[in-house]
Amino acid sequence: HLGECSQALTLNLECLSLYEKLLGKEHPGYALSLNNLAMTYSSLGDYAQALELNLECLSIREKLFGKHHPDYAMSLNNLALTYGSLGDYAKQLELNLECLLLYEKLFGKEHPDYARSLNNLALTYSSIADFNSAYDAIMQWLEWSSGRLIANESNLNTGLREEHYAAHLEGLQMAMQIAQLADKPFPYAYWLSARSRDLGTAQILSRAVASSEDAELIAVLDEMRRINSQLSQLEEQVYEKPQLRAF
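Residues numbered from 1 in each chain as written. Predicted model: local features only at pLDDT ≥ 70, side-chain atom pairs only at ≥ 80, totals over all residues. Heavy atoms only, no water.

Notes on the overall build of the protein
Reasoning step 1: Helices and strands together make up the secondary structure of the protein, namely eleven helices and zero strands.
Reasoning step 2: Listing every helix and strand of the protein by position from the N terminus yields α-α-α-α-α-α-α-α-α-α-α.
Reasoning step 3: Counting contacts in the protein only where the partners sit at least 6 residues apart, residues at least 24 apart contribute 55% of the total.
Reasoning step 4: By element, 52% of the accessible surface of the protein is carried by carbon and sulfur atoms, the whole surface being about 13600 Å². (Helix = DSSP H or I, 4+ residues; strand = E, 2+ residues; numbered from the N terminus. Contact = heavy atoms within 4.5 Å. Areas by Shrake-Rupley, 256 points an atom, 1.4 Å probe, with all protein chains shown as cover.)

Focus on the packing of helix H3 (residues 47-65) against helix H4 (residues 70-85)
Reasoning step 1: Put simply, H3 and H4 touch, their axes get as near as 9 Å, and they point 160° apart. Comparing their axes, H4 and H3 come out roughly antiparallel. The two elements H3 and H4 cross, and the hand of that crossing is left-handed. Counted together, Tyr47, Ala50, Leu51, Asn54, Leu55, Cys57, Leu58, Arg61, Glu62 and Phe65 of H3 and Asp71, Tyr72, Met74, Ser75, Leu76, Asn78, Leu79, Thr82, Tyr83 and Ser85 of H4 form the full contact between these two elements.
Reasoning step 2: Within the contact of H3 with H4, the residues separate by chemical class into twelve nonpolar, five polar and three charged. (Axes fitted to C-alpha atoms, helices over the stretch in contact; angles between N-to-C directions. Parallel < 35°, antiparallel > 145°, perpendicular 65-115°, else oblique. Left-handed = near helix turned anticlockwise from the far one by under 90°. Nonpolar A, V, L, I, M, F, W, Y, C, P; charged D, E, K, R; others polar.)

Side note on the confidence of the model for the protein
Reasoning step 1: Here the protein averages 81 in pLDDT, and 70% of its residues register 70 or above.
Reasoning step 2: Within the protein, the element-level pLDDT minimum falls on helix H10 (residues 199-209), averaging 53, and the maximum on helix H5 (residues 89-107), averaging 98.
Reasoning step 3: Predicted confidence for residues 195-199 stays below pLDDT 50, and this span has 15 contacts to residues more than four positions away or in other chains.
Reasoning step 4: Contacts for the low-pLDDT stretch residues 234-247, under 50 throughout, to residues beyond four places or in other chains number 14 contacts. (pLDDT = per-residue confidence, 0-100.)

A short note on H4
Reasoning step 1: Over its 16 residues, H4 extends 23 Å from the first C-alpha to the last, a length consistent with the 22 Å expected when each residue adds 1.5 Å.
Reasoning step 2: Buried within H4 are the following residues: Tyr72, Ala73, Ser75, Leu76, Asn77, Asn78, Leu79, Ala80, Thr82, Tyr83 and Gly84.
Reasoning step 3: Where H4 is buried, its residues contact helix H2 (28-43), H3, H5 and helix H6 (112-127).
Reasoning step 4: Glycine 87, located one to two residues past H4, shows a positive phi value of around 85°. (Expected span 1.5 Å × (residues − 1). Buried < 20%, exposed > 50% of the residue type's maximum accessible area, 1.4 Å probe, protein only.)

Details of the side chain of asparagine 96
Reasoning step 1: As for its placement among the helices and strands, asparagine 96 is situated in helix H5.
Reasoning step 2: A relative accessible area of 4% means that asparagine 96 is categorised as buried.
Reasoning step 3: When sequence neighbours within four positions are dropped, the list of residues in contact with asparagine 96 reads Ala80, Asn120, Leu121 and Thr124.

Comments concerning the nonpolar core
Reasoning step 1: With 39 residues, the main nonpolar core has Leu76, Ile138, Met139, Trp141, Leu142, Ile178 and Phe186 as its most contacted residues.
Reasoning step 2: Elements that contribute at least two residues to this core include exactly H3, H4, H5, H6, helix H7 (131-151) and helix H8 (158-182).
Reasoning step 3: Ranked by size, the runner-up nonpolar core spans twelve residues in total, among them Leu16, Tyr30, Ala31 and Ala50. (Core = buried A, V, L, I, M, F, W, Y, C linked by side-chain atoms within 4.5 Å.)

Here's the deal with the environment of leucine 9
Reasoning step 1: For leucine 9, the position within the fold is in helix H1 (residues 2-23).
Reasoning step 2: Looking at leucine 9, the relative accessible area reads 16%, which means it is buried.
Reasoning step 3: When the C-alpha positions of leucine 9 and tyrosine 41 are compared, they lie 7.3 Å apart, and in sequence the two are 32 residues distant.
Reasoning step 4: Residue contacts for leucine 9: discarding those within four places in its chain leaves Leu37, Thr40, Tyr41 and Leu44.

So, a nonpolar patch on the surface
Reasoning step 1: There is a patch of nonpolar side chains on the surface, built from Leu18, Leu22 and Leu23 and spanning about 300 Å² of accessible area.
Reasoning step 2: The exposure class of leucine 23 is partly exposed, given its relative accessible area of 39%. (Patch = residues over 30% accessible without salt bridge, like charges linked within 9 Å, V, L, I, M, F, W, Y side chains within 5 Å. Salt bridge = Lys/Arg side-chain N within 4 Å of Asp/Glu carboxyl O.)

Remarks on the packing of aromatic side chains
Here a ring pair, both rings aromatic, is described through the centre-centre distance and the interplanar angle of the planes.
Reasoning step 1: Across all of its chains, the model carries one aromatic pair by this definition.
Reasoning step 2: Each ring, one from tyrosine 103 and one from phenylalanine 107, has its centre 6.0 Å from the other, and the planes form 25°; the classification is stacked. Pair noted here: tyrosine 103 and phenylalanine 107 are both in helix H5, with a separation of four residues, about one helical turn. (Phe/Tyr/Trp six-rings, centres within 6.5 Å; stacked < 30°, edge-to-face > 60°.)

Considerations on the packing of H2 against H3
Reasoning step 1: As a packed pair, H2 and H3 sit with axes 8 Å apart at the nearest point and diverge in direction by 160°. The angle between H2 and H3 places the two elements in the roughly antiparallel class. For H2 against H3, the interelement crossing comes out left-handed. Judged by residue contacts, Pro28, Tyr30, Ala31, Leu32, Leu34, Asn35, Leu37, Ala38, Tyr41 and Ser42 of H2 engage Tyr47, Gln49, Ala50, Leu53, Asn54, Glu56, Cys57, Ile60, Arg61, Leu64 and Phe65 from H3.

In structure tokens form, the structure reads like this:
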């Protein structure tokens, strides 16, 4: 991985130099090259250099597009991540909030970029141990993600559907952790929206319920067992060797 990043750094530096010669520094292509170079430095752990490049990229995009533009919002997001890597969570939070507001103005609250901003905001609040604010942000994201998951069930692009499903499961686990840290209720019914027939989801729930006395969580797991049992019976009618489903 380190070797690949080093090679990418060499290529990105060469690319940046070419863009400067061909197009000048105040061009979208040069700004994008700066952004890519900053990401490479971040991958190598050189966050100070990444910060310098992200700031330059943000400045160029502001001159080119103004502050009400998706590319400017992207730079805000990347800059926030870099400040977080440097441990400056106050600056990261400031930029996360600015980015969230901008995405809302640009696309509205149902757009994936706004949802990703909510997720990033929840992580930042968690980094500064503001778990109540993290809970509010991640629950908004969870509501969006659950609705998107149901809508994507009819999506013919299986790859995209499964990619969102994987992200949904990851977000669910994070949401459960934040809810516990904030001492807030967790709407376990969201697990069912993540396709209760899925064995991976059931296994995650099983681990969670093992040390829990939460009646709602136990009831959801029982419902998942019932549904999976019915599905297993159906599979027996279709397959010679039915898949076993155990919790």
